[in-house]
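The lines below spell out each chain.
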Amino acid sequence: SIFYPRKPIRAEVESVDTTNNTVTVKKGERTVTVNVNEDTKVKLDGEEANLSDLEAGDKIAVKGIVNKKSESVFAKALNAFRDKFAKARGWFGRNK
């Protein structure tokens, strides 16, 4: 089933594949593929960024279309935060 959640999906980056424009993220025990295209707005710590700027361990909030069957998200917006910034935003301890 495909749906557009009202709230962003929060997860942690496991890997970034700039060749295939995907980010593999971990949300709880699940691994999800986030698909990014040229229309996806990517930010890192509040600033405009590129997919190549993201790193394993970054915390992200993704808005987009979710495909539960394939366990993937087609991202419209992806906001990433590094540990120091994420800690200030209260990210640690959530969504484990």
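Within each chain, residues carry numbers counting from 1 in the order of the written sequence. Predicted model: local features are reported for residues with pLDDT of at least 70 only, side-chain atom pairs are reported and counted for 80 or more only, and whole-chain, interface and lining totals are derived from all residues. Based on all heavy atoms of the structure, the side-chain values leave hydrogens and waters out of the count.

I'd love a proper account of the nonpolar core, names of residues and values included.
By size, the foremost hydrophobic cluster in this structure holds 19 residues, and its most contacted members are Val23, Val25, Val34, Leu54, Ile60, Val62 and Leu78. Elements represented by at least two residues in this core include exactly β2 (9-17), β3 (22-27), β4 (30-35), β5 (41-44), β7 (59-67) and β8 (72-81). Starting at the N terminus, helices and strands are each numbered in turn, a helix being any DSSP run of H or I of at least four residues and a strand any DSSP run of E of at least two. If you tally residues by element for this core, the top one is β8, at 4 residues. By nonpolar core we mean a set of buried residues, namely Ala, Val, Leu, Ile, Met, Phe, Trp, Tyr and Cys, connected to one another through side-chain atoms within 4.5 Å. Each residue gets one of three labels from its accessible area relative to the maximum for its type: buried under 20%, exposed over 50%, partly exposed in between, using a 1.4 Å probe on protein chains only.

So, a nonpolar patch on the surface: which residues are in play, and what are the values?
A patch consists of residues whose relative accessible area exceeds 30% and which take part in no salt bridge; residues with like charges are grouped when within 9 Å of each other, and nonpolar side chains (Val, Leu, Ile, Met, Phe, Trp, Tyr) when within 5 Å. Each accessible area is a Shrake-Rupley estimate made with a 1.4 Å probe; only the visible protein chains count as cover when residues are assessed. Here, a salt bridge means any Lys or Arg side-chain nitrogen found within 4 Å of an Asp or Glu carboxyl oxygen. Together, Ile2, Tyr4, Ile65 and Phe74 give the surface a local cluster of nonpolar side chains, amounting to about 400 Å² of exposed area. Residue position: Phe74 is located in strand β8.

Any details on the confidence of the model for the chain? Residues and values, ideally.
In the predicted model, the chain carries a mean pLDDT of 86, and the fraction of residues at 70 or more is 85%. The predictor attaches a confidence to each residue, and that confidence, scored 0 to 100, is pLDDT. Note on contacts: a residue pair is in contact if any heavy atoms of the two residues lie within 4.5 Å. Every residue in residues 92-96 scores below 50 in pLDDT, and together they form 9 contacts with partners more than four places removed in sequence or on other chains.

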